[in-house]
Amino acid sequence: MRKEPFRAAQNDTAPNGFLAIMRPAWEQAGLFPLAALTWRALVKYYHQDDDPGAKLRKPYSACSLWLKQWCSEKETGMNRREFSKNSVVFGFGALAGLSQGGKASAQHAAGDYYEEPAKKLPIRKFDVVVAGAGTGGVVTALAAARQGARTALIERKGYTGGTVTEGGTALHSFYNLWKAFPGVKKRQVVKGIPQEIIDRMLAVGGCSGHAEMLRGYNYDSVCTAIDTELYKLVTMQMLDEAGVFLAVNTRLTGAIVDGDRIRGAIVDSRSGREAFFAKAFVDCSAYGDLAAFSGADFKVPNDYACCNSIGLANVDLEGYIAYLEKHGGSNQIAYGIRSGQPNKVVRFNGGLGGAFRDEARKIGMSSMITTVHDNYLMFVKCNFKVPGSVISRDDMAKAELEVRKRQAKAVELFRKHVPGCEKAFMARTSPTLNIRRGRLITCDYDISHEDVIEGRHFDDDVMAYGFHDNAPRYQVKNGGTYGIPYRALRAAGIDNLLVTGMMITSDHRPHMSTRNTVCCMGQGQAAGTAAALCAQKNCGTRDLRYGDLRTALVEDGVYFES
């Protein structure tokens with residue numbers, strides 16, 4: 001007969017004994033004397049027999065099983081209700097108070113680390129989960145939901161939009177660069193859901209329309225300016241109409257992975273911690289958070305300056321533009337809808353010479369202006385190259401302060417040097433620095449510089465695009481377009497994850513095209529449609545038939561070059 005379990009249970013000092021294990025928790029709750037006395041009485045009772053092990057084995061084994069459950073890893077940890085129920089079974093009902101809310105015991109601390117207690121997370125189930133409600137994420141979620149997929153969209157801020165509402169100066173670009181190449185046909189190459197958003201914006205007076213550039217058209221042939229606040233409203237309404245579960249004010253904190261498949265995304269909000277399970281996932285977070293949590297391969301190039309844009313209000317826009325025209329004019333200009341009136345200036349280069357130019361360079365300020373309101377400059381950007389890493393909290397904290405100092409200086413410069421801006425003030429800032437690239441995720445295909453400037457298309461194109469942010473230095477050949485292949489959106493090594501936007505394309509030169517707003521929107525429609533089809537067919541991203549994806553995209557208004 002084996003008596004070792006009984007002996008260990010009796011011994012207060014045994015390292016693995018029941019009392020030794022439970023003592024820290026009982027002492028914290030102020031229950032150790034009573035609980036220990038109860039346990040010892042139980043042991044003594046069962047010891048009053050020639051074969052104590054036989055009588056004790058069953059209750060002791062049950063106690064051991066309960067203890068193992070309570071101290072198990074996070075995947076199998078009991079919640080408060082289960083802990084309380086099992087405590088009552090063994091006569092220790094008062095111990096239920098140990099697991100209240102988010103309070104954690106200091107007994108899990110060891111050296112420089114703290115081990116979180118196990119916790120069961122409530123699960124929400126979807127077909128498609130999209131991380132990030134920015135430029136690409138909004139369109140991704142709309143596309144997935146309209147394919148019939150139960151779709152969740154996770155966003156750390158309280159609204160949608162991303163770079164569209166916070167970082168850019170206009171949406172670039174729905175058209176090819178036809179004006180830079182005489183004789184080339186003008187054509188809108190990005191349509192579908194992105195154009196539907198513009199139509200909705202026009203209906204509420206929040207967009208300039210696709211305003212044709214009269215100067216500077218070797219950079220872009222059109223300018224599409226938007227009202228940042230109305231963009232948030234319009235896109236959130238569209239998501240609501242499509243039935244998307246919009247989890248704003250919610251941070252993505254982890255991923256549940258099984259082999260080469262993601263099973264769930266872990267999120268945190270004031271409602272608590274949850275797991276969003278789905279069949280297909282799309283990372284539109286800009287930083288590549290979901291991909292990184294899932295074990296995808298990535299790099300952090302940090303090859304761009306970050307920026308934060310301000311809205312400058314109380315501006316005499318007509319006086320400002322008149323002064324520029326009198327002193328050399330603007331090298332870019334476009335006329336569109338402003339304050340509800342057509343044929344108004346909506347984009348111009350507001351830079352002045354002399355002290356204004358010199359001081360603006362010191363703070364990285366861009367003078368390219370867009371607006372849809374008479375007395376308001378929608379975007380005035382201050383750039384800053386972050387020393388260190390854009391995914392480092394501490395490096396970015398220092399950068400946030402530096403850029404806000406620059407914003408204050410920018411307002412001073414406008415007041416001092418620009419006619420019509422003497423009483424201007426800062427009316428809007430972005431809540432955080434805007435990156436142009438965070439993590440670069442390794443995908444099944446990496447778009448090259450030659451792919452873009454040579455205007456190459458692929459046998460798995462999901463969209464066409466014709467703008468390059470380095471124009472006129474780099475332009476798509478002959479005012480044409482290039483294609484984004486579906487395989488460029490598939491995260492390498494993960495069977496059910498797609499990525500969009502600034503996370504694809506390693507070479508900085510083509511990335512200056514693929515990261516731009518309208519390209520991100522087009523990628524979003526492709527990724528959302530593909531994810532929904534994968535969920536519907538219960539297949540991985542590499543098993544989806546391209547013909548099925550192409551048909552769905554064409555039916556939803558996506559433009560393809562013949």
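Here the structure is a predicted model, which is why all the values come from computation and not from measurement.

Caption draft 1: Broad picture of the nonpolar core. Ranked by internal contacts, the top residues of the largest apolar core, which has 94 residues, are Val129, Ile197, Val462, Leu497 and Val499. When sequence neighbours within four positions are dropped, the list of residues in contact with Ile197 reads Val138, Val139, Tyr231, Val234, Thr235, Met238 and Met521. Core analysis: the second largest hydrophobic core is formed by 37 residues, Leu317, Ala360, Ile369 and Cys382 among them.

Caption draft 2: Molecular detail of the side chain of Arg428. Within the element layout of this structure, Arg428 appears in strand β19 (residues 425-429). A distance of 3.2 Å separates the side chain of Arg428 from the side chain of Ser309, its partner in a polar contact. A polar contact is formed between the side chain of Arg428 and the backbone oxygen of Met378, at a distance of 2.8 Å. With near-sequence residues (within four places) excluded, Arg428 lies in contact with Thr165, Glu166, Thr228, Glu229, Ser309, Ile310, Gly311, Tyr376, Met378 and Phe379.

Caption draft 3: Spotlight on the sheet that holds strand β18 (residues 376-384). With antiparallel pairing, the 3 strands of this open sheet are ordered in space as β18-β14-β19. Every other strand in the sheet has two partners, leaving β18 and β19 as the edge strands with one partner each. Across the sheet, the mean angle from the axis of one strand to that of its neighbour is 40°, orientation sign disregarded. As paired strands, strand β14 (residues 306-313) and β18 are joined by 7 bridges and run antiparallel to one another. Across the sheet, Ile310 pairs through a bridge with Val380, a residue of β18.

Caption draft 4: Structural view of the packing of helix α6 (residues 135-146) against helix α9 (residues 228-242). Packing of α6 against α9 brings their axes to within 9 Å, and their N-to-C directions diverge by 20°. In terms of orientation, α6 and α9 fall into the roughly parallel class. Where α6 crosses over α9, the two elements pack in a sense that is left-handed. Contacts between α6 and α9 involve Val138, Ala141, Leu142, Ala145 and Arg146 on the former and, on the latter, Thr235, Met238, Leu239 and Ala242. Tallied by class, the residues present in the contact of α6 with α9 amount to 7 nonpolar, 1 polar and 1 charged.

Caption draft 5: Structural context of the sheet that holds strand β5 (residues 151-154). Reading across from one edge, β8-β5-β4-β12-β23 is the order of the 5 strands in this open sheet, with parallel pairing throughout. Edge positions in the open sheet fall to β8 (245-247) and β23 (497-499), since each of these has one partner strand only. Averaged over all pairs of adjacent strands, the angle between their axes in this sheet comes to 15°, without regard to strand direction. Here strand β12 (residues 280-283) pairs with β23 via 3 bridges, running parallel. Looking at β23, one finds that Phe281 is bridged to Leu497.

Caption draft 6: Structural view of helix α16 (residues 517-537). With 21 residues, α16 should reach 30 Å at 1.5 Å per residue; the first-to-last C-alpha distance of 30 Å fits that figure. Extensive coverage of α16 is indicated by the burial of 19 of its 21 residues. At the C-terminal side of α16, Asn538 shows a positive phi close to 55°.

Caption draft 7: Quick peek at the environment of Asp507. The residue Asp507 is located in the loop between β23 and α15 (508-514) in this model. Assessed through its relative accessible area of 24%, Asp507 is described here as partly exposed. Measuring from C-alpha to C-alpha, the distance between Asp507 and Asp446 comes to 8.5 Å, with 61 residues separating the pair along the chain. Contacts of Asp507, omitting those with residues within four sequence positions, involve Arg437 and His449. Side-chain polar atoms of Asp507 contact the side chain of Arg509, separated by 2.7 Å.

Caption draft 8: Structural detail: the packing of aromatic side chains. According to the stated counting rule, one finds 10 aromatic pairs in the structure shown. Aromatic pair Tyr219 and Phe467: ring centres 5.3 Å apart, planes at 85°, arrangement edge-to-face. Taken together, the positions of Tyr219 in the loop between β6 (207-215) and β7 (222-226) and Phe467 in the loop between β21 (461-465) and β22 (482-485) put the pair 248 residues apart, joining distant regions of the chain. Under the relative-accessibility criterion, Tyr219 is labelled buried at 14%. For Phe467, a relative accessible area of 2% gives the class buried. Aromatic pair Tyr320 and Phe414: ring centres 6.3 Å apart, planes at 80°, arrangement edge-to-face.

Caption draft 9: Highlighting the pattern of salt bridges. Applying the stated criterion to the full structure yields 31 salt bridges. A salt bridge links Lys477 to Glu454, with the nearest nitrogen and oxygen atoms 3.8 Å apart. With Lys477 in the loop between β21 and β22 and Glu454 in the loop between α14 (449-453) and β21, this residue pair connects regions lying 23 residues apart in the sequence. Take Glu454: its relative accessible area is 40%, and that puts it in the partly exposed class. Linking Asp469 and Arg515 is a salt bridge whose minimum nitrogen-to-oxygen distance equals 2.8 Å. Of this pair, Asp469 sits in the loop between β21 and β22 while Arg515 sits in the loop between α15 and α16; the two residues are 46 residues apart in sequence, bridging distant segments of the chain. This pair shows no difference in class: Asp469 is buried, exactly as Arg515 is.

Quick notes on the rules
Residues numbered from 1 in each chain as written. Predicted model: local features only at pLDDT ≥ 70, side-chain atom pairs only at ≥ 80, totals over all residues. Heavy atoms only, no water. Core = buried A, V, L, I, M, F, W, Y, C linked by side-chain atoms within 4.5 Å. Buried < 20%, exposed > 50% of the residue type's maximum accessible area, 1.4 Å probe, protein only. Contact = heavy atoms within 4.5 Å. Helix = DSSP H or I, 4+ residues; strand = E, 2+ residues; numbered from the N terminus. Polar contact = N/O pair within 3.5 Å; in protein donor to acceptor, adjacent residues only side chain to side chain. Pairing = 2+ DSSP bridges. Axes fitted to C-alpha atoms, helices over the stretch in contact; angles between N-to-C directions. Parallel < 35°, antiparallel > 145°, perpendicular 65-115°, else oblique. Left-handed = near helix turned anticlockwise from the far one by under 90°. Nonpolar A, V, L, I, M, F, W, Y, C, P; charged D, E, K, R; others polar. Expected span 1.5 Å × (residues − 1). Phe/Tyr/Trp six-rings, centres within 6.5 Å; stacked < 30°, edge-to-face > 60°. Salt bridge = Lys/Arg side-chain N within 4 Å of Asp/Glu carboxyl O.

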